[in-house]
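Chains, contacts and geometry: an overview
These are the residues of each chain, in order.
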Amino acid sequence: MDQAPGSPQGPDDQGPQHAQSLPGCYRHPDRETGIRCTRCERPICPECMVNASVGFQCPECARGDSGTGHSPAAARPRTIAGGTVTADPRLLTKILIGINVAVFIAVHVQPSLLDHLVLIGEWPPAPFKTTQGVADGEWYRLVTAMFTHQQLWHIAFNMLSLWWLGGPLEAALGRARYLSLYFASGLAGSALTYLLASPTQASLGASGAIFGLFGATAVLMRRLNYDMRPIIALLVINLIFTFGWSNIAWQAHIGGLVAGVITGYAMVHAPREHRALVQYGTCALVLVVVVVLTLVRTAQLT
């Protein structure tokens with residue numbers, strides 16, 4: 001093996017001044033060396049050298065936890081939104097479906113549980129004193145209603161849509177961004193329902209989040225120059241059902257759709273140099289709007 005430039009020579013060639021110019025190993029400062037890690041370029045002695053495909057690496061870089069070298073994560077393939085490509089691109093979608101199904105079963109085993117999970121502004125209605133509802137401080141209903149279903153057809157339709165839309169989106173965005181999109185859309189749908197619907201009308205279902213996935217899918221297909229006619233046709237059909245069928249909380253559908261389009265656009269169009277800031281910043285702004293709408297409606301009802 002060729003010796004690295006500046007590495008120690010034989011004792012007859014090494015004068016005192018040359019020896020003083022050699023750096024010490026970063027882990028053993030008393031050991032002079034001319035070998036450096038090929039990743040972080042820190043000096044390493046023979047004891048600390050780890051064979052690599054090219055040259056030697058220090059122990060930290062070899063383990064992938066160096067603060068100065070490039071970690072293996074930096075070389076992992078990334079999605080169009082900057083997320084990490086995973087072995088199971090539908091894992092979170094499966095978990096979300098599992099949570100919805102578990103809540104559905106729990107509600108039918110214990111029907112009284114439904115009263116504590118649905119989205120409702122205030123109950124009982126005036127002139128009685130409010131004892132339940134978001135206006136009474138039960139903000140958690142904005143989340144629990146997203147996972148609660150009562151009719152079999154309702155959960156079946158929503159879960160089929162979640163599987164059909166969620167899987168490709170999770171693969172395209174990455175898990176963290178996909179989950180952020182899902183909750184931002186669902187909470188936006190809950191907040192708009194709380195703001196505009198009758199405060200004594202209970203609503204439930206994952207439809208707000210599902211419509212958010214519709215919106216984000218349309219944005220993604222546009223970004224990839226795919227044929228958008230299938231997703232647009234499906235969205236139009238769903239909107240016809242939304243406004244043509246009674247007992248459907250259209251507010252949740254529209255709120256989720258708008259949030260999904262906005263968040264999805266930020267996910268796939270964020271500039272690379274500030275990608276995470278733009279993506280998660282947009283999700284944070286959507287949550288701020290959710291909080292503001294909830295505070296406004298609560299002030300109206302109390």
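Residues numbered from 1 in each chain as written. Predicted model: local features only at pLDDT ≥ 70, side-chain atom pairs only at ≥ 80, totals over all residues. Heavy atoms only, no water.

**Things to note about the overall build of the protein chain**
Assigned secondary structure in the protein chain consists of 10 helices and 2 strands. Overall, the protein chain shows an N-to-C arrangement of helices and strands of α-β-β-α-α-α-α-α-α-α-α-α. Out of the 302 residues belonging to the protein chain, those deemed buried represent 43%. As presented, the protein chain carries roughly 16200 Å² of accessible surface, and 63% of it is formed by carbon and sulfur atoms. (Helix = DSSP H or I, 4+ residues; strand = E, 2+ residues; numbered from the N terminus. Buried < 20%, exposed > 50% of the residue type's maximum accessible area, 1.4 Å probe, protein only. Areas by Shrake-Rupley, 256 points an atom, 1.4 Å probe, with all protein chains shown as cover.)

**Some points on a nonpolar patch on the surface**
A cluster of nonpolar side chains, contributed by Trp153, Phe157, Ile237, Phe241 and Trp245, occupies part of the molecular surface with about 560 Å² of accessible area. Listing elements by their share of the nonpolar patch, those giving two or more residues are helix H5 (152-173) and helix H8 (229-244). Here phenylalanine 157 is to be found in helix H5. Taking the relative accessible area as the measure of exposure, phenylalanine 157 reaches 40% and is therefore partly exposed. (Patch = residues over 30% accessible without salt bridge, like charges linked within 9 Å, V, L, I, M, F, W, Y side chains within 5 Å. Salt bridge = Lys/Arg side-chain N within 4 Å of Asp/Glu carboxyl O.)

**Considering the packing of helix H3 (residues 91-109) against H5**
For the pair H3 and H5, interaxial distance at closest approach is 8 Å and the crossing angle is 165 degrees. As summarised for this structure, H3 and H5 are arranged roughly antiparallel, according to the angle between their axes. As for the relative orientation of H3 and H5, their crossing is right-handed in sense. From H3, Leu91, Leu92, Thr93, Lys94, Leu96, Ile97, Asn100, Val101 and Phe104 reach across to H5, where they touch Leu152, Ile155, Met159, Leu162, Trp163, Gly166, Gly167 and Glu170. For the contact of H3 with H5, the residue count by class is 11 nonpolar, 4 polar and 2 charged. (Axes fitted to C-alpha atoms, helices over the stretch in contact; angles between N-to-C directions. Parallel < 35°, antiparallel > 145°, perpendicular 65-115°, else oblique. Left-handed = near helix turned anticlockwise from the far one by under 90°. Contact = heavy atoms within 4.5 Å. Nonpolar A, V, L, I, M, F, W, Y, C, P; charged D, E, K, R; others polar.)

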